[in-house]
Amino acid sequence: MRTILRLSLTNFRRVDTCPSCGGRSRDLLPLGYMPEVYPMGKLVVRLDRTVVSQRRLAHCRSCGLIYHVLIPKRSVLRNLADDLDKERHWGSRSAKEIFASLLATHCKPLKVLDVGCGRGEFLQSLPKNWVKLGVDPNRASVNLAKRAVPEGKFFEGFFEDLDLSGLQVDVVTLWDVVEHLDDIDGVFSSLVNLLKPGGVIMIQTGDTSSVQARLLGSSWNYYTVLDHFIFFNEVSIHNVLSKHGLAVECIEKTTHHYYVKPLGNRILRIFKNVVFILGTGGGRFPTLWQSLSEYLDKSISWGQLPGFRDHLFVIATRQTFQKQSSGIFMSLKRLHRLKRKWFATS
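J.: Would you take a moment to explain the environment of L195 for this structure?
T.: Within the secondary structure, L195 is located in strand β13 (residues 195-206). Note on L195: relative accessible area 1%, which makes it buried. Apart from residues lying up to four places away in sequence, L195 is in contact with Q168, V169, D170, V171, V172, V200, I201, L246 and R318.

J.: Any chance you could explain the environment of S236 here in plain terms?
T.: Structurally, S236 is set in helix α9 (residues 234-243). C-alpha separation for the pair S236 and L65, spaced 171 residues apart in sequence, amounts to 5.5 Å.

J.: Help me understand helix α6 (residues 184-194), please; the structure alone is not making it clear to me.
T.: The α-helix advances 3.6 residues per turn, and as a result positions three or four apart in sequence lie on the same side. Among all positions in α6, only I184, V187, F188, L191, V192 and L194 are buried. Buried residues in α6, looked at end-on, bunch into an arc of 155°, giving them a common side.

J.: I would appreciate a short explanation of α9 in the present structure.
T.: For α9, the full list of buried residues reads S236, I237, V240 and L241. Buried residues of α9, viewed axially, fall in a sector of 130°; they line one side. Of the surrounding elements, those touching the buried residues of α9 are α6, β13, β14 (230-231), β15 (246-254) and β16 (311-318). Measuring from the backbone nitrogen of V235 back to the side-chain oxygen at the start of α9 gives 3.1 Å, which picks out N233 as the cap. Looking at the residues trailing α9, positive phi occurs at G245, about 75°.

J.: In this structure, what is going on with the pairing of strand β12 (residues 169-175)? I would like to understand it.
T.: A regular strand places its side chains so that they alternate between the two faces of the sheet. Of all seven residues that make up β12, seven are buried, and the element is covered over most of its length. The pairing of strand β9 (residues 111-115) with β12 spans three bridges and is parallel. Looking across to β12, one finds that L113 is bridged to V172. Regarding the hand of the β-α-β motif, the stretch spanning β12, α6 and β13 is right-handed.

J.: I keep staring at the nonpolar core and nothing clicks. Help me out?
T.: Side chains of a nonpolar character, in soluble globular proteins, are inclined to be buried together. Counting residues in hydrophobic clusters, the biggest one holds 69 residues, and the most contacted among them are F188, L191 and I201. Take this core: its biggest share by element is six residues, from α6. Sequence-distant contacts of L191, defined by excluding residues within four places in its chain, comprise V115, F159, V172, L174 and I201.

J.: In this structure, what is going on with the environment of L47? I would like to understand it.
T.: Along the chain, L47 falls in strand β5 (residues 43-47). The class for L47 is buried, based on a relative accessible area of 3%. Sequence-wise, L47 and R6 are 41 residues apart; in three dimensions their C-alpha atoms are separated by 5.9 Å. In contact with L47, not counting residues within four places along its chain, are L7, F12, P35, E36, Y38, V52, R55 and L226.

J.: I tried to follow the packing of aromatic side chains on my own but got confused; where do I start?
T.: Any pair of aromatic rings gets described here by the distance separating the centres and the angle formed by the planes. Tallied over the full model, the rule gives six aromatic pairs. Taking 5.0 Å as the distance between ring centres and 25° as the angle between the ring planes, the aromatic pair formed by W220 and Y222 counts as stacked. Taking the relative accessible area as the measure of exposure, W220 reaches 0% and is therefore buried. Y222 gets classed as buried once you look at its relative accessible area, which sits at 6%. Taking 5.1 Å as the distance between ring centres and 90° as the angle between the ring planes, the aromatic pair formed by W220 and Y223 counts as edge-to-face. Each member of the pair, W220 together with Y223, is buried. Grouped by ring-pair contacts, the aromatic residues W220, Y222, Y223 and F231 constitute a single cluster. Sitting over the face of the ring of F158, R74 holds its NZ or CZ atom 5.1 Å from the ring centroid.

J.: What's the story with the pattern of salt bridges in this structure? I'm lost.
T.: Side chains bearing opposite charge may pair, as long as their charged atoms lie close to each other. Applying the stated criterion across every chain, the model contains 13 salt bridges. The salt bridge partner of E151 is K132, with a shortest N-O separation of 2.7 Å. In this pair, E151 sits in the loop between α5 (139-148) and β11 (153-156) while K132 sits in strand β10 (residues 131-136), placing the two residues 19 residues apart along the sequence. Among the residues examined, K132 registers a relative accessible area of 2% and is labelled buried.

J.: What is the right way to look at the sheet that holds β15 in this model?
T.: Strand pairing in a sheet takes place through backbone hydrogen bonds and is either antiparallel or parallel in direction. Spatial ordering of the open sheet is given by β11-β10-β9-β12-β13-β16-β15, a layout of seven strands whose pairing is mixed. Because the sheet does not close on itself, it has two edges, and the strands there are β11 and β15. Here the average twist between neighbouring strands, direction ignored, is 15°. Two elements, β15 and β16, share eight bridges in a ladder whose sense is antiparallel. From the neighbouring strand, C250 faces β16, where its bridge partner is I315.

J.: Hey, could you run me through the sheet that holds strand β7 (residues 66-68) in this one?
T.: One open sheet holds the four strands; their spatial order is β3-β6-β7-β14, and the pairing between them is antiparallel. What marks the edges here is a single partner per strand, and that holds for β3 (26-30) and β14. Sheet topology note: the β7/β14 ladder contains two bridges and is antiparallel. Across the sheet, the residue bridging to I66 is F231, located in β14.

Rules and cut-offs
- Residues numbered from 1 in each chain as written.
- Predicted model: local features only at pLDDT ≥ 70, side-chain atom pairs only at ≥ 80, totals over all residues.
- Heavy atoms only, no water.
- Helix = DSSP H or I, 4+ residues; strand = E, 2+ residues; numbered from the N terminus.
- Buried < 20%, exposed > 50% of the residue type's maximum accessible area, 1.4 Å probe, protein only.
- Contact = heavy atoms within 4.5 Å.
- Arc of directions from axis to C-beta.
- Polar contact = N/O pair within 3.5 Å; in protein donor to acceptor, adjacent residues only side chain to side chain.
- Pairing = 2+ DSSP bridges.
- Right-handed = clockwise from strand over helix to strand, strands pointing away.
- Core = buried A, V, L, I, M, F, W, Y, C linked by side-chain atoms within 4.5 Å.
- Phe/Tyr/Trp six-rings, centres within 6.5 Å; stacked < 30°, edge-to-face > 60°.
- Lys NZ or Arg CZ within 6 Å of the ring centre and 35° of its normal.
- Salt bridge = Lys/Arg side-chain N within 4 Å of Asp/Glu carboxyl O.
- Axes fitted to C-alpha atoms, helices over the stretch in contact; angles between N-to-C directions.

Dropping the structure here:
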């Protein structure tokens with residue numbers, strides 16, 4: 001039996017300045033569709049109508065970041081993280097699995113920290129002789145990751161709450177994580193301190209300048225997820241990384257979770273998007289959206305949410321005076337050539 005968690009305005013904090021640049025000049029955008037009810041795992045989250053009426057997107061005029069002006073407080077986020085269904089598997093050949101194989105082929109053994117590691121699929125894809133570290137706030141996920149990657153070390157909790165001082169790693173990955181961060185400045189400051197000179201950070205997140213985001217506007221499903229707080233395009237993600245001393249090596253547009261080559265699969269993916277947009281009014285009708293997504297999930301086995309190239313894939317390095325001292329940076333040059341061929345066929 002599910003428990004209903006009712007959230008009022010007292011369970012949210014208001015964001016008055018841009019989380020990235022601190023700017024106050026912004027345009028407020030009403031959400032085209034905002035669910036009142038969020039079925040989770042054992043919880044059903046029900047938002048008070050005052051919360052629904054006051055939830056807005058803000059577009060920073062200075063750096064271009066889009067963010068929610070109401071964000072659940074950390075105590076609420078802990079409840080949500082504990083309840084999330086982490087048993088779902090996104091299926092074959094995701095971005096992280098493909099890039100893991102490329103990284104392992106072209107790099108020496110490295111120490112890797114996967115923030116938001118889920119049940120450890122990415123770390124599991126890396127060679128066993130690498131040092132693997134994972135962070136996730138969901139206890140069930142951490143337990144699954146420990147079983148899947150017995151040679152790894154895992155930390156349960158929000159990255160912002162953990163004391164990882166003294167840790168130095170070669171690579172940090174955030175696969176569909178940055179949109180969940182409620183303290184972007186604090187997190188990236190800590191991440192940079194964890195990176196060795198010349199170390200690499202890899203990010204995948206939604207793209208507010210994608211065709212799907214522009215087509216659906218404020219009704220884009222990425223905006224309506226309860227624990228999605230900040231949203232990037234190429235310019236705003238570049239600004240955040242540069243602010244923290246990270247040199248952006250590449251930014252590519254890609255598709256959420258899946259990279260499929262056969263033409264038939266591409267056609268089917270386009271069909272799925274058309275059905276989603278026409279059949280649900282771009283997500284404005286939640287019951288129909290949920291039913292259709294579940295049907296497509298079972299019949300096509302592609303995960304719940306359809307997508308065009310609605311995500312960004314980013315590689316950045318910690319700047320040093322002598323980049324040649326980093327073997328990872330030299331490997332990145334080879335990866336830079338490989339990833340163009342990879343994305344061209346995705």
